[in-house]
Amino acid sequence: MPAVTRENIGLLNEKITVTVNKEDYLPSFEKALKHYAKSASIPGFRKGMVPSGVIKKMHGPSVFTDEVLRSIEKGLMDYLNQEKLDIFAQPLPAPDNDARHIDMNQPKDYSFVFEIGLKPAFEIPDLQEKAPVLYKVSVTDEMIEEEVNRLQQRLGKMTEPESISQEDNVLNVKFEECDADGNVAEGTPAKENSLLVKYFTEDFRKQLMGRKKDDAVVLQLKNAFEEKEREWLIGDLGLSKDDNTAIDKFFKMTVVKLGFVEKRELNEEFFKEVYPGKEISTEADFRNEIKNEIQQYWDKQSHSHMQHDLYHVLLDHTTMEFPENFLKRWLQTGGDKPKTAEQAEEEFPVFKDQLKWTLLTDKIVKENNINVSGDELKTYMKQQVMGYFGSMNMEGNLDWLDSYVDRMMKDEQQVDSSYRRLLTQKIFEWAETKVTPSEKEITAEEFKQLQQEHQHHHH
């Protein structure tokens, strides 16, 4: 039986030495050679009749090394299981371990050294001591009016007026690069676009009023558009955003088609189109429904913000020590590609937070018996699929949905991803039961600012 010794070499960092003697590996070595002799196919010998000396000469050194290393590995794993050591990743072999000194012709004791990193003991903090704020965004009349106008516009009827008469006219236009007089060189490519009149500068809009289909104007981007509009238009025209001369170029802009969206009337037909299946007959009820939707949106945003705060309460207020030197060395060798010591050092802070969160959630799950059943997982995945289809009519025979989800359940990657999201959701639900958040009313603008500051602070 291999001899194992253990020595502390740092915080949560241990050195384990495994020593094997001849009795530990020679029996398995001889057994492996006999197995080779039975199955070896060597010219000049019948199968299964190859002399052991030939087998030993041909395969002995590699088989001997394999068996010594296998005995070492078994001794190490048996010790870790026996001592019930809770370790990070896998033991790291010491740099001076060298299998080349293993010699079949000189059986003796062999020692190999490994390092392990032990997981820390820690306590989950009292979340109520750092209870987060649950913000309540106030829905204003302006927010409701803006959404009403958006819906009236989105579901409005497109007409084709004779001439440009207002800022909400839709222009289908053709851009061609030209000179200051509007002369277009032969072979110049044309770029088409769709623009609202209000996208142009206030002064340039005056030049457009009264223009009809097939009318053309010569413009420079710097004079015809504000900076915020120029940014995306430069890309649409195939120009480089790094080209400082782009806004000085002349373009001939031809009106290909004129349009205007007539806003829908606020009547029962419109209300039912926006909210099918709901009994909404008055403008007051319609606006109230919109208010409820806007409130639900902001309540969801606020809830997500509170959960993010809870995440940082758990992460920032849990005292946890790590075998940092061990983990940095593991980072260098444990991934798909080896990393330099400098790369490991740079990545370590993020890696450490990820590790800390994993240990935290593992402890919360274990101590609170949080689990995800197969039925819960299937229901969750079904909800995800239905979410993909949005507001499409999902009535009628939904057998296809069950078979679709059944196929998803056979995709290990899909199942693992859904399982992790659902488990994380349950962890936050548990965390919310441990706090009584203070509520605070806030405007949408203040809440957006809060989100930006929060994101900037943590990233």
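Residues numbered from 1 in each chain as written. Predicted model: local features only at pLDDT ≥ 70, side-chain atom pairs only at ≥ 80, totals over all residues. Heavy atoms only, no water.

### Details of the packing of helix H3 (residues 141-154) against helix H8 (residues 283-316)
Stated formally: All axes are obtained by fitting lines to C-alpha atoms, using only the stretch in contact for helices, and the reported angles, taken between N-to-C directions, cover 0 to 180 degrees. Strands here mean DSSP runs of E at least two residues long; helices mean DSSP runs of H or I at least four residues long; both are numbered from the N terminus. Angle categories are assigned with fixed cut-offs, so that under 35 degrees is roughly parallel, over 145 is roughly antiparallel, 65 to 115 is roughly perpendicular, and the rest are oblique. In this description, contact between two residues means that some pair of their heavy atoms is separated by no more than 4.5 Å. Ten residue types, Ala, Val, Leu, Ile, Met, Phe, Trp, Tyr, Cys and Pro, are classed as nonpolar, four, Asp, Glu, Lys and Arg, as charged, and the remainder, Gly among them, as polar.
Taken N-terminus to C-terminus, the directions of H3 and H8 make an angle of 110 degrees; their axes are 10 Å apart at the nearest point. By the angle between their axes, H3 is roughly perpendicular relative to H8. The residues of H8 that touch H3, namely those facing Met143, Ile144, Glu145, Glu147, Val148 and Leu151, are Phe286, Arg287, Ile290, Lys291, Ile294 and Trp298. Here the residues of the contact of H3 with H8 are counted per class, giving 8 nonpolar, no polar and 4 charged.

### A look at the pairing of strand S1 (residues 3-10)
Defined as follows: Two strands are said to pair when DSSP picks up at least two bridges between them.
Sheet topology note: the S1/strand S2 (residues 13-20) ladder contains 7 bridges and is antiparallel. The partner of Asn8 across the bridge, within S2, is Glu14. As consecutive antiparallel partners, S1 and S2 are separated by 2 residues, and within that stretch Leu12 has a phi angle of approximately 55 degrees, a positive value.

### A short note on the sheet that holds strand S3 (residues 92-93)
Two orientations exist for strands paired in a sheet by backbone hydrogen bonds: parallel and antiparallel. Read from one edge to the other, the open sheet built from 4 strands follows the order S1-S2-S4-S3, with strand pairing classed as antiparallel. Strand pairing shows two members of the sheet lacking a second neighbour, S1 and S3, which therefore form its edges. Two strands pair when backbone bridges link them, and S3 and strand S4 (residues 110-117) are joined in this way by 2 bridges, in the antiparallel orientation. Bridging from a neighbouring strand, Leu92 pairs with Glu115 of S4.

### Regarding the packing of aromatic side chains
Convention followed: Pairing of aromatic side chains requires ring centres within 6.5 Å, counting the rings of Phe and Tyr and the six-membered ring of Trp. Pairs whose planes differ by under 30 degrees are stacked, by over 60 edge-to-face, and all others tilted. Our definition puts a charge over a ring when NZ of Lys or CZ of Arg is within 6 Å of the ring centre and also within 35 degrees of the ring normal.
Under the criterion given, the structure shown has 19 aromatic pairs. Relative to Phe351, the ring of Phe348 lies with its centre 6.2 Å away and its plane at 50 degrees, an arrangement referred to as tilted. Here the residue Phe348 and the residue Phe351 both occupy positions in helix H10 (residues 341-367), the gap between them amounting to 3 residues, near one helical turn. By the ring-pair criterion, three or more aromatic residues cluster together here, those being Tyr25, Phe29, Phe64 and Tyr110. Here Lys328 stacks its cationic end above the ring of Phe348, 5.1 Å away from the centre of that ring.

### Focus on unusual backbone geometry
For the record, the criterion: Each residue is placed in one exposure class: buried if its accessible area under a 1.4 Å probe, protein chains only, is under 20% of its type's maximum, exposed if it is over 50%, and partly exposed if it falls in between.
One non-glycine residue, Ala89, lies in the positive phi region at around 50 degrees. Examined against the element boundaries, Ala89 turns out to sit in the loop between helix H2 (52-83) and S3. The phi angle at Asn369 is positive, at roughly 50 degrees, despite the residue not being glycine. On the secondary structure map, Asn369 appears in the loop between H10 and helix H11 (374-388). For Asn369, a relative accessible area of 63% gives the class exposed.

### Description of the nonpolar core
In globular proteins that are soluble, nonpolar side chains generally tend to be buried together. Condition: Nonpolar cores are built from buried Ala, Val, Leu, Ile, Met, Phe, Trp, Tyr and Cys residues. Side-chain atoms within 4.5 Å join them into one set.
Counting 39 residues, the largest nonpolar core has Phe88, Leu127, Phe322, Leu327 and Leu360 as its most contacted members. Of all the secondary-structure elements, those providing two or more residues to this core are H8, helix H9 (324-333), H10, H11, helix H12 (399-408) and helix H13 (412-432). Take this core: its biggest share by element is 9 residues, from H10. Each residue touching Leu360, except ones within four places of it in the same chain, is listed here: Phe122, Ile124, Leu314, Leu315, Thr318 and Met320.

### Things to note about H9
It helps to recall that an α-helix has 3.6 residues per turn; residues three or four apart then point in one direction. Restricting attention to buried positions, one finds in H9 the residues Phe326, Leu327, Lys328 and Leu331. Buried positions along H9 lie against S2, S3, S4 and H10.

### Focus on the environment of Thr443
Mapped onto the elements of the fold, Thr443 is located in the loop between strand S11 (438-442) and helix H14 (444-458). The exposure class assigned to Thr443 is partly exposed, which follows from its relative accessible area of 34%. Taking the C-alpha atoms as reference, Thr443 lies 67 Å from Asp98; in sequence the two are 345 residues apart.

### Describing the packing of H8 against H13
Between H8 and H13, the least distance of the axes is 10 Å, while the angle of their chain directions is 85 degrees. One element, H8, and the other, H13, form an angle in the roughly perpendicular class. Contacts between H8 and H13 involve His303, Met306, Gln307, Leu310 and Tyr311 on the former and, on the latter, Phe428, Ala431 and Glu432. A class-by-class count of the residues in the contact of H8 with H13 yields 5 nonpolar, 2 polar and 1 charged.

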